[in-house]
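# Fold and geometry: a report
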Amino acid sequence: MHVTSPVRPPLVTGAKTYADVTEDICRHVEAKPTKEWWVAFIISVVVLIYGTACVFWTWWEGLGVWGLNKTVGWAWDITNFVWWVGIGHAGTLISAILLLFRQKWRTSINRAAEAMTIFAVLCAASFILMHMGRPWMAYWALPLPNAFGSLWVNFNSPLVWDVFAISTYFSVSLVFWYIGLIPDLATIRDRARSKVSRFIYGSLAMGWTGSAKAWSRYEYISLILAGLATPLVLSVHTIVSMDFATSVIPGWHTTIFPPYFVAGAIFSGFAMVQNLMLITRVVYKLEDYITIEHIESMNKVITLTGSIVGVAYITEFFIAWYSGVEYESYAFINRATGPYWWAYLTMMTCNVITPQLFWSRYIRRSVTWTFFIAILVNIGMWFERFVIIVTSLHRDYLPSSWAMFSPTMFDIGDYIFSFGFFFTFFLLFSKFLPVVNMAEVKSVLRSSSETLPKKVAGVAKGERVASPNYNKDAQ
Amino acid sequence: MANPHGKYLVGVYDDDEVILHAVPTLRKAGVKISEVYSPFAIHGMDDALGHPRTRIGIAAFIFGVTGCICGLTLMIWTMGIDWPMIVGGKDPISIPNYIPITFEVTVLFTAFGMVTVFFITNGLGPSLVNPNSFDPRATDNKFVMAIDLKGNRLSEAEITQQLRDTGAEEVNIKQF
């Protein structure tokens, strides 16, 4: 017998039928772009053009246009890279890990979160290309034989691991996302009125018909892809952390990095998902699909991962002192009390203190609070990477080579580029593709919609759960 | 299922539970069902239709093993045999350092291999024409059962009656 606890609140409110789901999501794909969309899109494109000009100048002129010096050789470039990769992790967590845990609330947000992953990883990759200085040499990171002018790549180096990790992560996420899109693209194809959109969505749907055989294979490979993506996402940020941890720089050389980076990645990623979904939810009127329950669940994850990050910060500090290594303790004391104390304080406040506000039920169910705390989390996580990278470097072993880092307009412009890129692509996605996974939402509708309590009562009286009237479309 | 051709009876159902219960009833009555189309996965439908369990997992495993071997071979050969190099005082062949990339390559091969098999077995792929559809609502809110009249002993009228009895809202005839 199918029994669901009646105390669990519905995931889809508003007594939606299957047809309502299709209609609510497809409406935005089929309608002409709204004025708000155009405004947002034009702003993003303008930002992207400005950023592209800065990136172009960075490549044309060389990395001298950045504020780097001989002491601080990595600054905003790698900060931005780690920040964007971290943001990307939430999408995979939602679609893969929550699938393995059978968390049904993932179905309303996984599509947009995965799209966010893909664009965020592209932004991250752009910083890898930028910091190479000579991006046309990027293929040197691939294992190509000697005839290209150098030895094989050094497979002992975590930087090479990173090349493999990021490219695998990007391509597997893209495939996972696309497989999920196929049934929804077929829905749009079958509803399309104009020949052009029927043709475009038809070719994107690749001939999906929704046959039982195809669905059973779909479910099977979704499960395997989730099983692969889960260790993959953990490995990616582990390897990113090893870019630092396998070095011998005090402040970087710590074994706590992999778990601490992974938690931080999920933390910042969920914050970004909150920011994006809270806007999408209002603009597309998806309040029935992305409910306060969804927001609350994500806030709980933010509190958990934020607390893990907080514990990691304190552990790191403790170990730096307890180990008795002079350089290590200096690196940490300098972080907190040296010239970059303000960056450290921003990191501590935004990452450790503000997410704790979510212990209050009122705050974690409040859209406004969630939005602002999520922004603070993203600011804090950017500063975390900045603190780790710059404060560990800027006071070298010899006081004569101590230096400070100050960004130039090209450091800032290249960072702005990634925002323009990200939002341009996210807006295109939200206009032309379904922002909610319709097929998966429909599959949880029976067990998690508002009509459920009636059904449960019906079962108790011995009625059949399935009544042919269940899905009568609202006329 | 390959693109359907011929004359079909199409039962349109309104509810996933109803069609899931209808399938065994119809099969017991001797109706041969070609395929069921639904807007989302109905758990238990492939069992009800008697479809064999998909073997795509075996394919995925084989791709994974291939990826694992390819990754390891590449690294051992380049670092240890083709141009032996000592980096950081480690042996030219130091397996622990190769684990991260071996893992990534394994995942990459498994994912892409499995998805390729998924596309081939489902007959999905880039195409200029859309597949024959029994009912366009099958990707929206209806659950569609297709019955090939050629392969059935029962008459059209008998099957139509059976479909109606099991809860079909509409019974249509589709000729491709």
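Here we take up the overall build of chain B. Looking only at helices and strands, chain B features five helices and four strands. Along its sequence from the N terminus, chain B presents helices and strands in the succession β-α-β-α-α-α-β-α-β. Summarising its shape, the C-alpha atoms of chain B cover approximately 80 × 35 × 30 Å along the three principal directions. Split into buried and exposed, the 176 residues of chain B put 46% on the buried side.

Once that is clear, we can look at the packing of helix 9 (residues 292-322) of chain A against helix 10 (residues 326-337) of chain A. Residues and elements named next belong to chain A. Taken N-terminus to C-terminus, the directions of helix 9 and helix 10 make an angle of 140°; their axes are 7 Å apart at the nearest point. In terms of their interaxial angle, helix 9 and helix 10 are classed as oblique. With respect to the hand of their crossing, helix 9 and helix 10 are arranged in left-handed fashion. In contact with Glu 316, Phe 317, Ala 320 and Trp 321 of helix 9, helix 10 contributes Glu 328, Ser 329, Ala 331 and Phe 332.

The next thing to look at is the interface of chain B and chain A. Counting residues at the interface gives 64 residues for chain B and 58 residues for chain A. If you list the elements that add at least two residues to the side of chain B that touches chain A, you get helix 1 (16-28), strand 2 (35-37), helix 2 (45-49), helix 3 (56-82) and helix 4 (95-121) of chain B. In terms of residue count, the dominant contributor to the side of chain B that touches chain A is helix 4 of chain B (16 residues).

Once that is clear, we can look at the pairing of strand 3 (residues 143-148) of chain B. As a general feature of sheets, a regular strand has side chains that alternate between the two faces. Residues and elements named next belong to chain B. Counting buried residues in strand 3 gives five out of six residues, a clear majority hidden from the surface. Bridge analysis of strand 1 (residues 7-13) against strand 3 gives six bridges, and the strand direction is antiparallel. Along strand 3, the bridge assignment pairs Tyr 13 with Phe 143. Here three bridges tie strand 2 to strand 3, and the two strands are oriented antiparallel to one another. In the sheet register, Glu 35 faces strand 3, and the bridge partner there is Ala 146.

Right, let's talk about the nonpolar core for a bit. Core analysis: the largest hydrophobic core is formed by 184 residues, its most contacted members being A:Met116, A:Val172, A:Val273, B:Val36 and B:Val144. Those residues in contact with B:Val36 that lie beyond four places of it in its chain are A:Ala212, B:Ile19, B:Val23, B:Met45, B:Leu49, B:Phe143, B:Val144 and B:Met145.

Attention now moves to helix 13 (residues 367-393) of chain A. Residues and elements named next belong to chain A. Between the first and last C-alpha of helix 13 there are 39 Å, a value that for 27 residues agrees with the 39 Å anticipated at 1.5 Å per step. For helix 13, the principal kink sits at Val 387 and spans about 25°. For helix 13, a buried count of 19 out of 27 residues is recorded, marking the element as mostly surrounded by other parts of the structure.

All names here are of chain B. The antiparallel open sheet is built from four strands, whose spatial order is 2-3-1-4. The strands lining the two open edges of the sheet, one partner per strand, are strand 2 and strand 4 (170-175). For this sheet, the mean angle separating the axes of adjacent strands, direction not counted, is 25°. Strands strand 1, strand 3 and strand 4 of the sheet are contacted by helix 5 (residues 156-165), whose axis makes an angle of about 15° with strand 1.

Right, let's get into the confidence of the model for chain B. Residue and element names in this part refer to chain B. Across chain B, the average pLDDT comes to 88, with 99% of residues at 70 or higher. Model confidence for chain B, summarised as mean pLDDT per element, is weakest for strand 4 at 85 and strongest for helix 4 at 94. For this predicted complex, the interface confidence comes out at an ipTM of 0.92, alongside a pTM of 0.90.

The next thing to look at is the pairing of strand 1 of chain B. All names here are of chain B. Taken across its seven residues, strand 1 has six buried, putting it largely inside the fold. Looking at chain direction, strand 1 and strand 4 are connected through six bridges and run antiparallel. Bridging across to strand 4, Val 12 finds its partner in Glu 170.

Reading the values: rules and limits
- Residues numbered from 1 in each chain as written.
- Chains lettered and ligands numbered in written order.
- Predicted model: local features only at pLDDT ≥ 70, side-chain atom pairs only at ≥ 80, totals over all residues.
- Helix = DSSP H or I, 4+ residues; strand = E, 2+ residues; numbered from the N terminus.
- Buried ≥ 20, exposed ≤ 12 C-beta atoms within 10 Å, placed from the backbone.
- Axes fitted to C-alpha atoms, helices over the stretch in contact; angles between N-to-C directions.
- Parallel < 35°, antiparallel > 145°, perpendicular 65-115°, else oblique.
- Left-handed = near helix turned anticlockwise from the far one by under 90°.
- Contact = placed C-beta atoms within 7 Å.
- Pairing = 2+ DSSP bridges.
- Core = buried A, V, L, I, M, F, W, Y, C linked by C-beta atoms within 7 Å.
- Expected span 1.5 Å × (residues − 1).
- Bend = angle between axes of the 7 residues up to and from the residue.
- pLDDT = per-residue confidence, 0-100.

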